[in-house]
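The residues making up each chain are set out below.
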Amino acid sequence: MNGFRTLLFAVAGFLLHSTHGLSQVIVIANASVRSSSASKADLREVFSGTSSTLRDGTRVVPVFHRPGPVQDEFVATYLGKSDAAFRAAWRSLVFSGQANMPRSLDSDSAVVAYVARTPGSIGYIESKSSHESVKVLAVQ
Amino acid sequence: MTADTGNVRLDDRLKSFLVVALALAFSVAFSAPAQVLDKYDVQLHGYATQGFLYSTQNNIYTTDSSDVSPRWTDAVVNIGAIPSAKIRVGAQVRYFLFGNYSNGVSLDWAQVDYRVNQHFGVRAGKVKTPSSLYNEVQDIDPAYIWSLLPPSVYPVSSRNSFLSHVGGVAYGNVQVGDGLGKLEYRAWGGRQKIGPSDGIFVIYRELGLDLPEGLRGGYFGGTLRWKTPISGLLVGAADTWKSDWQSKVVLINAALTGKETVRAFNLPNYFLSYSHGKFEAAAECTRVHPVILDAFPGLSPITIRVDTRAWYVLGSYKVTKKLGTGLYFSEQVDHAALLGNPARFSKDWALAARYDFNQYLYLKAEQHFIDGTAIVYDTELNPRGLKPDTRLTILKIGVSF
């Protein structure tokens with residue numbers, strides 16, 4: 001019984017430790033994007049390639065992160081998928097001619113720079129990263 | 001016959017045009033300055049897979065699978081660009097080898113896509129046909145866990161011929177109402193060509209018939225997909241209407257040439273899919289019921305009736321970030337065939353696993369337990385006759401970029 005308790009504590013400790021490193025992901029957009037907010041459903045549609053507009057009609061172009069913690073957290077939180085499943089779904093769209101793959105950038109600073117200079121673009125970064133040149137969308 | 005020859009020429013001219021256009025697109029892509037590629041978001045993607053088949057009891061899919069066959073290779077190159085906010089252009093070429101079905105390069109699709117808004121867009125050229133749940137993506141191996149999609153609805157032997165058509169697709173979606181989900185709609189029309197090396201004609205040759213020019217004809221259809229308010233649940237239906245298709249047919253043993261007519265018929269599909277986190281499930285059913293007439297000079301017409309009803313149910317689960325597993329049951333029964341004959345049906349239980357080494361490289365393994373022989377077997381490769389059941393093991397390695 002003591003062994004079982006030790007195992008439970010060990011698992012709980014591991015889970016706490018593994019989630020401790022995650023910080024909040026925020027959604028950013030180019031200044032030309034009219035909306036100041038987006039719903040979770042909007043983000044799911046736009047980032048899964050089934051829509052190119054937010055609910056209020058604003059046309060947007062998504063930009064991705066390279067595989068890593070930010071990408072994992074965003075797709076898990078807003079799309080309910082693993083990054084592998086997310087990319088597999090996009091490959092389906094690309095290889096069947098239904099979409100072009102959005103750009104995947106290496107870092108938060110690269111995403112911020114691209115979103116700042118590209119009208120209509122929408123991306124995501126860690127909240128602690130610098131993002132003065134773009135607007136932050138509130139997620140409802 | 002004149003009209004048919006004209007169609008052959010039209011198809012060949014169109015194919016030549018598309019191949020030249022694609023070659024030009026590739027040459028532009030490789031020679032253009034980086035800022036031009038960046039401006040038009042020119043992208044190059046591709047994937048390649050190599051499969052190995054091992055079976056007991058019967059040799060399957062026109063391969064020597066009882067000795068482990070490596071005759072399953074796919075290689076795809078895709079180029080796309082976005083010249084303006086509403087227009088996309090792209091093309092995809094494929095090398096496909098599968099048993100004795102195919103061994104060559106073909107154009108998967110080459111299209112211009114004009115998307116007015118989310119409610120309406122149109123693709124024209126050689127386009128993927130959205131005639132069922134997975135038809136548009138059934139040849140895209142990196143996109144799913146399975147090595148073979150359920151064969152009753154997605155027969156790999158005639159996969160390439162049913163993937164696309166020359167013509168167009170109109171598409172769009174609309175919110176049904178607050179809290180009622182979203183409706184996606186697609187309508188398509190044009191001409192389809194089933195090449196003479198298609199797996200469907202293996203059955204013809206077993207009957208002593210050959211279609212040296214394959215089959216071609218017009219068809220159109222529509223699909224509705226309802227993304228329901230229940231998160232992850234999609235329900236849909238599609239129907240395809242084919243006109244009368246005609247082609248030259250040869251009675252092999254008598255060296256007689258005649259005319260084959262596949263009478264007009266429709267292909268209904270009903271499907272649903274559900275995904276929640278790491279779990280995905282889907283089910284689909286369809287019915288194929290053509291009447292085929294073969295007329296030869298001096299002989300009574302031969303009438304072939306088929307009434308195949310097919311369905312499957314599948315589920316998959318992502319065990320870890322790199323490992324996924326799945327299970328499906330797939331069944332097809334030809335209700336026009338003689339009772340008691342194993343060639344009348346196929347019932348296939350399949351267990352699958354996929355391991356992603358990284359975002360580019362993956363390995364698949366799949367075990368099939370097949371009862372019945374309705375899927376394609378070649379009697380020349382099974383000289384002692386077909387046994388009623390088959391065990392099939394598949395290993396597949398793939399890379400995509």
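None of the values given here were measured: they were computed from a predicted structure. (Residues numbered from 1 in each chain as written. Chains lettered and ligands numbered in written order. Predicted model: local features only at pLDDT ≥ 70, side-chain atom pairs only at ≥ 80, totals over all residues. Heavy atoms only, no water.)

Next up on the list: the overall build of chain A. When its secondary structure is counted, chain A shows five helices and seven strands. From first element to last, N terminus to C terminus, chain A shows the α and β order α-β-β-α-β-β-α-α-β-α-β-β. Considering only residue pairs separated by 6 or more positions, chain A has 66% of its internal contacts joining residues 24 or more positions apart. (Helix = DSSP H or I, 4+ residues; strand = E, 2+ residues; numbered from the N terminus. Contact = heavy atoms within 4.5 Å.)

The next thing to look at is the sheet that holds strand β6 (residues 121-126) of chain A. All names here are of chain A. Strand order in the open sheet formed by five strands is β2-β7-β1-β6-β3, and the pairing between neighbours is mixed. The strands lining the two open edges of the sheet, one partner per strand, are β2 (37-38) and β3 (61-62). In this sheet, β6 lies alongside β3 in parallel orientation, the contact comprising two bridges. Its bridge partner being in β6, Pro62 is matched across the sheet by Ile122. Sheet strands in contact with helix α5 (residues 108-117) are β1 (25-29) and β6, and its direction is about 155° off that of β6. (Pairing = 2+ DSSP bridges. Axes fitted to C-alpha atoms, helices over the stretch in contact; angles between N-to-C directions.)

Let us now look at the pattern of salt bridges. All names here are of chain A. Across all of its chains, the model carries 25 salt bridges over all chains by this definition. Linking Asp106 and Arg66 is a salt bridge whose minimum nitrogen-to-oxygen distance equals 2.8 Å. Pair noted here: Asp106 is in the loop between β5 (104-105) and α5 and Arg66 is in the loop between β4 (64-65) and α3 (69-79), with a separation of 40 residues, a long-range link. For Asp106, a relative accessible area of 59% corresponds to the exposed category. (Salt bridge = Lys/Arg side-chain N within 4 Å of Asp/Glu carboxyl O. Buried < 20%, exposed > 50% of the residue type's maximum accessible area, 1.4 Å probe, protein only.)

Within the span of helix α2 (residues 40-47) of chain A, buried status applies to Asp42, Leu43, Glu45, Val46 and Phe47 of chain A. Gly49 of chain A lies just past α2 of chain A and shows a positive phi near 85°.

With that settled, consider the nonpolar core. Tyr61, Phe98, Trp146, Leu148 and Leu392 of chain B are the most contacted members of the largest nonpolar core, which has 39 residues in total. Elements supplying a minimum of two residues to this core: β1 (43-56), β2 (72-84), β3 (87-98), β10 (233-242), β17 (308-318), β19 (345-356) and β21 (389-400) of chain B. In terms of residue count, the dominant contributor to this core is β17 of chain B (three residues). In this view, Leu392 of chain B contacts Leu53, Tyr54, Ser55, Ile60, Tyr61, Leu148, Glu366, Gln367, His368 and Ile370 of chain B; residues no more than four positions away in its chain are not counted. In terms of nonpolar packing, the next biggest core, distinct from the first, is built from 25 residues, Val70, Val75, Val94 and Leu137 of chain A among them. (Core = buried A, V, L, I, M, F, W, Y, C linked by side-chain atoms within 4.5 Å.)

Quick look at the interface of chain B and chain A now. Contacts between chain B and chain A engage 40 residues on the former and 25 residues on the latter. Taking both partners together, chain B and chain A bury about 2700 Å²; carbon and sulfur atoms supply 41% of that area. It is Arg88, Arg115 and Gln359 of chain B that lose the most area in chain B upon contact with chain A, and together they represent 18% of the buried surface on that side. With a shortest N-O distance of 2.6 Å, Glu45 of chain A and Lys182 of chain B are connected by a salt bridge. By residue class, the composition of the side of chain B that touches chain A is 12 nonpolar, 13 polar and 15 charged. (Buried area = accessible area lost by both parts, 1.4 Å probe. Nonpolar A, V, L, I, M, F, W, Y, C, P; charged D, E, K, R; others polar.)

All names here are of chain B. Within the structure shown, the criterion is met by 19 aromatic pairs over all chains. Ring geometry for Trp72 and Phe98: centres 4.8 Å apart, planes at 65°, overall edge-to-face. With Trp72 in strand β2 and Phe98 in strand β3, this residue pair connects regions lying 26 residues apart in the sequence. Of the two residues, Trp72 and Phe98, both sit in the buried class. Ring centres of Tyr134 and Tyr154 lie 6.0 Å apart, and the angle between their planes is 55°; this geometry places the pair in the tilted category. Note that Tyr134 is positioned in the loop between β5 (120-128) and α3 (159-163) and Tyr154 in the loop between β5 and α3, a separation of 20 residues in sequence. (Phe/Tyr/Trp six-rings, centres within 6.5 Å; stacked < 30°, edge-to-face > 60°.)

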